[in-house]
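Single-letter residue listing:
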Amino acid sequence: MSAADRPQAWRRRLDGTWSRRLRSIAEDRLDLLAWVIIAALVVSAVFAKPIRLTVPSVLQTLSGGFLAETVTLQPLQLAPHDPIDQNLADRLHPPSREYPLGTDQLGRDILSRLMVGARISLSVGVVVVSISLMIGTAVGVVSGYLGGWVDEAVMRIVDIVLAFPGLLLALVVAGILGPSLTNIMIALAVVGWTQYARIVRGSVLSVKQRDFVAAAKLMGVSEPRLVSTHVIPNVIGPVVILATLDMAYVILATAGLSFLGLGAQPPTPEWGTMLSQGRHHLLTAWWIANVPGVAIMVAVLAFNILGDSLRDLLDPRVASRLEGKGGL
Amino acid sequence: MAGVAGCFGDGGEPEGGTAEQITIGLHSDITREFWELYGGVSPYWTRVLEPLLWVGPDFDVEPWLAVDWERTDKLTWEFTIREDVQFHNGEELLADHVVHSIEKLIEQFPQARFSWRFADLENEPVRALDDRTVEFTTREEFAGFAAGIAHNMVAVQHPETDGSEFNAVGTGPYELVDVEREQNARVAAFEDYWGGAPATPELTYRVIVDPMTRSLAMEDELDVGFQPPKAQVESLRSNDAIEVREQLSSRVALVNFNLERGPTDDADLRRALNHAVSQETIVDSILEGLGKPARGPIGSIVDYSAYDSLPPYEQDLESARGLVDRSTYEGETLKLEISNEAQADWVPEQSKVLAEIIKDNADQIGVDIDIRVSEYSAFTDAWRAKDGHMYMFLWGTKSGSSDYIFFRYHSRENTHFSLGEEFDSTVTRGERAESNEERFEAFIEAQQMMMEQAAVLPMYEHVYLMSVDRSVEGLDPHPLSEFIEMKNLRMER
């Protein structure tokens, strides 16, 4: 093999590994089910009802009237009914052809509310996890790479935050800030970044001892470049897995806080709020509380399985096992 | 569950007789810290402590620990204390005990000055003229004083009462045995009660704040359950062993408008919102018919309610839109504040549903409403800070008088619901009236002014419910659930 052929060989080998890994996911029915559920949630979240963006009046003025008051980003609507339209004549309607998952105490279609609720749960999850991940990664990298008193100070702060039960701290923060979805996101991000910081810091401590980092230093690579091109790419694998598992936690925590009245405000169709409002009808209209309850459970389970699946996909030990065995 | 006095068969199974203990599930936490003033347990329902005057089922004020009372001056009232009343520790009730109880109330519950108009402590609000006579002094002329203190919170307690030790020494038919905070309180029959010994030796009050849990507990844990969720009534009634009793109460679910802040300072907008909401629909659908469409701020069951003379704001979306157009409303988002905690008979989930209905109805007339749900303390903070446009309450008297309903609208209290000088003088006229007729006339006029100005959006008059084991006897409903007499409560086995 000539030197010119080597990259292609590596790529072929890499491609082969990835295709084997993906095939292994496809063959594991539980993994596949999790991927399908999450895909369905994403489709539901995006297409449940049109996504319209309100354009700030300043931008409208600056555009000389080119921009309308609202811009439609996604015009489709999969939800069969408007999720907040009340129809008291059809209240507490059991599942039927018109209302596949029944209606609530105000005659609103549960399926439509569930679909729009998926948008809320996933949005909160993505925002909180992204913020936590960014803050945690930055803090972890700085702490692990610089070491010394910086590391000591940062890790003690992390210890202090971790000393409190996460959900309880989020409850306190949400209680202080007042009930709203935005405040729930802040509350969860305030406590969520610490675990990322800890994992990233540990990985950085290990990576910075590696030969390729020393080689890069010897070659005169600047420290910011060294961190961004050599350190971070080598610590991001576990972070991605953690982020996936964290999505499950954030969805559950958001539903929990909303159940307690600290999150989404009525009439927002958030799953925890729906569950809370259906409690009083458990014996007479079981679908109001059970449907969002099952949705929360399925979504959390799917993200947890996805996390495991991603770990298998990204873990080098699994890769070598796959290669050694020529696939599962 | 109830223990049993009477015969047991061979297998140890009860064969009849009277229950030695009855378990009552309450919707309100009677053991919370607030009640330390009364020995650690609420004077509502428990019947450990008693007031000087009682309220009968027709809102008549009846003698209780006081047998007689009269207004001796514009600001002073004399009460004669009942003879041969014993505290649970064996001591006899004297005027000094009443003085101690009222002074403690004024000292530890600042709102007492406003609710019952007691004079400040330095002005001797209460004094013993002799062992059997007590003189009260009010802050201002207040014709409703006697009816007002017919209230369980104006309870007489022995100085040995100590909230930190859960030691409540009163004169009631039951004496406190023990309290487990946020869980339960146990009371035992006081054999030397002045009104005769109670029928059941022991009552256990269980605090079950969640209505659904309380309702389910009726299956095997409770003999009486207060306030089951209205959605559960049908299910409970399908159980042959359980009876659901209903009683129209004095309380009204309503929305208060902030009259100081725009745009709700505009009467046309407030009238429009009143015309947007259908009280009948709320009662028929959300309350399962267990309520009465409200017309004003004071329930029709109260003796000076203006219900009959108030024209209802019927749902009329066309008129409502016209009123919105005529008003100063320019598309602002109105903040509707509600609390997510149970207050009195209030079920938080119900208030959310009501808020959603109001929001939906307001949308139909082009008024935008943002619902803000918060904890009760945050809710009251927002109210005091005048930080919202609308506040949802379940209001009503717990005494023989409803005068304090008007406090919130009188400018002297610096509220943001003040309706102006004419309203103030009408209320003051009622408070200073010499006769009940004169007083009622002024209060009815005040309610008419409130509704003409649409100061509130009344929704429904509250019906409270009790789920009761069919073998329970002697539990008669009362328009003020706090005055339900437990002394005659008994259960056949």
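Residues numbered from 1 in each chain as written. Chains lettered and ligands numbered in written order. Predicted model: local features only at pLDDT ≥ 70, side-chain atom pairs only at ≥ 80, totals over all residues. Heavy atoms only, no water.

Caption draft 1: Highlighting the overall build of chain A. Broken down by element type, chain A carries 12 helices and 2 strands. Along the chain direction, N to C, the helices and strands of chain A fall in the order α-α-β-α-β-α-α-α-α-α-α-α-α-α. In chain A, buried positions account for 45% of the 328 residues. Sequence separation of at least 24 residues holds for 69% of the intrachain contacts in chain A that already meet a minimum separation of 6. (Helix = DSSP H or I, 4+ residues; strand = E, 2+ residues; numbered from the N terminus. Buried < 20%, exposed > 50% of the residue type's maximum accessible area, 1.4 Å probe, protein only. Contact = heavy atoms within 4.5 Å.)

Caption draft 2: Just the pattern of salt bridges, in detail. Residue and element names in this part refer to chain B. Scanning all chains against the criterion turns up 36 salt bridges over all chains. For Arg 127, the salt bridge is made with Glu 135, and the minimal N-O distance between the two is 2.9 Å. With relative accessibility at 35%, the residue Arg 127 sits in the partly exposed group. A relative accessible area of 12% places Glu 135 in the buried class. In this structure, the salt-bridge partner of Arg 372 is Glu 337, at a minimum N-O distance of 2.2 Å. Note that Arg 372 is positioned in strand β19 (residues 368-374) and Glu 337 in strand β18 (residues 333-339), a separation of 35 residues in sequence. (Salt bridge = Lys/Arg side-chain N within 4 Å of Asp/Glu carboxyl O.)

Caption draft 3: Layout of unusual backbone geometry. Note that the residue after Pro 266 of chain A, namely Pro 267 of chain A, is joined by a cis bond; omega there is 5 degrees. The omega torsion of the bond from Gly 262 of chain B to Pro 263 of chain B falls at -5 degrees, within 30 degrees of zero and hence cis. Its identity is not glycine, yet Trp 45 of chain B carries a phi of approximately 70 degrees, on the positive side. Considering the arrangement of structural elements, one finds Trp 45 of chain B in the loop between β3 (21-26) and β4 (50-51). The backbone phi angle of Lys 386 of chain B is positive, close to 55 degrees, even though this residue is not glycine. Positionally, Lys 386 of chain B belongs in the loop between α10 (376-384) and β20 (390-395). What makes Lys 386 of chain B partly exposed here is its relative accessible area of 24%.

Caption draft 4: Region of the structure containing the confidence of the model for chain A. Averaged over all residues, the pLDDT of chain A is 86; the fraction at 70 or higher stands at 89%. Within chain A, helix α4 (residues 110-146) of chain A carries the highest mean pLDDT (94), whereas helix α12 (residues 316-325) of chain A carries the lowest (55). (pLDDT = per-residue confidence, 0-100.)

Caption draft 5: Looking closely at the sheet that holds strand β9 (residues 126-130) of chain B. All names here are of chain B. Spatial strand order, β7-β8-β10-β9: 4 strands in an open sheet with antiparallel pairing. Two strands in the sheet have a free side with no partner beyond their single neighbour: β7 (66-71) and β9. Averaged over all pairs of adjacent strands, the angle between strand axes in this sheet comes to 25 degrees, irrespective of strand direction. Sheet strands in contact with helix α1 (residues 95-108) are β8 (76-81), β9 and β10 (133-137), and its direction is about 175 degrees off that of β9. (Pairing = 2+ DSSP bridges. Axes fitted to C-alpha atoms, helices over the stretch in contact; angles between N-to-C directions.)

Caption draft 6: Fine view of the nonpolar core. Counting residues in each nonpolar core, the largest one holds 142 residues, and the members touching the most others are Leu 52, Phe 118, Phe 136, Leu 273 and Met 486 of chain B. Looking at this core element by element, the count peaks at 7 residues for strand β21 (residues 456-469) of chain B. (Core = buried A, V, L, I, M, F, W, Y, C linked by side-chain atoms within 4.5 Å.)

Caption draft 7: Structural view of the interface of chain B and chain A. On the chain A side, the residues contacting the 25 residues of chain B number 22 residues. In this assembly, chain B packs against chain A so that about 2,000 Å² is buried in total across both faces, 56% of it on carbon and sulfur atoms. Taken together, the links from chain B to chain A amount to 3 salt bridges. A salt bridge links Asp 210 of chain B to Arg 279 of chain A; its shortest N-O distance comes to 2.8 Å. On the surface where chain B and chain A come into contact, there are 7 residue pairs in polar contact (both at pLDDT 80 or more). (Buried area = accessible area lost by both parts, 1.4 Å probe. Polar contact = N/O pair within 3.5 Å; in protein donor to acceptor, adjacent residues only side chain to side chain.)

Caption draft 8: Molecular detail of the side chain of His 275 of chain B. Among the secondary structure elements, His 275 of chain B is positioned in helix α6 (residues 267-276). Excluding its chain neighbours within four sequence positions, the residues that come into contact with His 275 of chain B are Tyr 313, Glu 314, Gln 315, Asp 316, Leu 317, Ala 320 and Leu 323 of chain B.

Caption draft 9: Broad picture of the packing of aromatic side chains. Residue and element names in this part refer to chain B. In total, this model carries 26 aromatic pairs over all chains according to the counting rule given. Centroid distance Tyr 304 to Phe 443: 5.1 Å. Interplanar angle 55 degrees. Geometry classified as tilted. Taken together, the positions of Tyr 304 in the loop between β17 (291-293) and α8 (317-326) and Phe 443 in helix α12 (residues 436-452) put the pair 139 residues apart, joining distant regions of the chain. Under the relative-accessibility criterion, Tyr 304 is labelled buried at 1%. The exposure class assigned to Phe 443 is buried, which follows from its relative accessible area of 0%. Lys 292 extends its terminal NZ or CZ atom over the ring of Tyr 307, reaching a point 4.4 Å from the ring centre. Positioned over the ring face of Tyr 307 is Arg 295, at 4.4 Å from the centre of the ring. (Phe/Tyr/Trp six-rings, centres within 6.5 Å; stacked < 30°, edge-to-face > 60°. Lys NZ or Arg CZ within 6 Å of the ring centre and 35° of its normal.)

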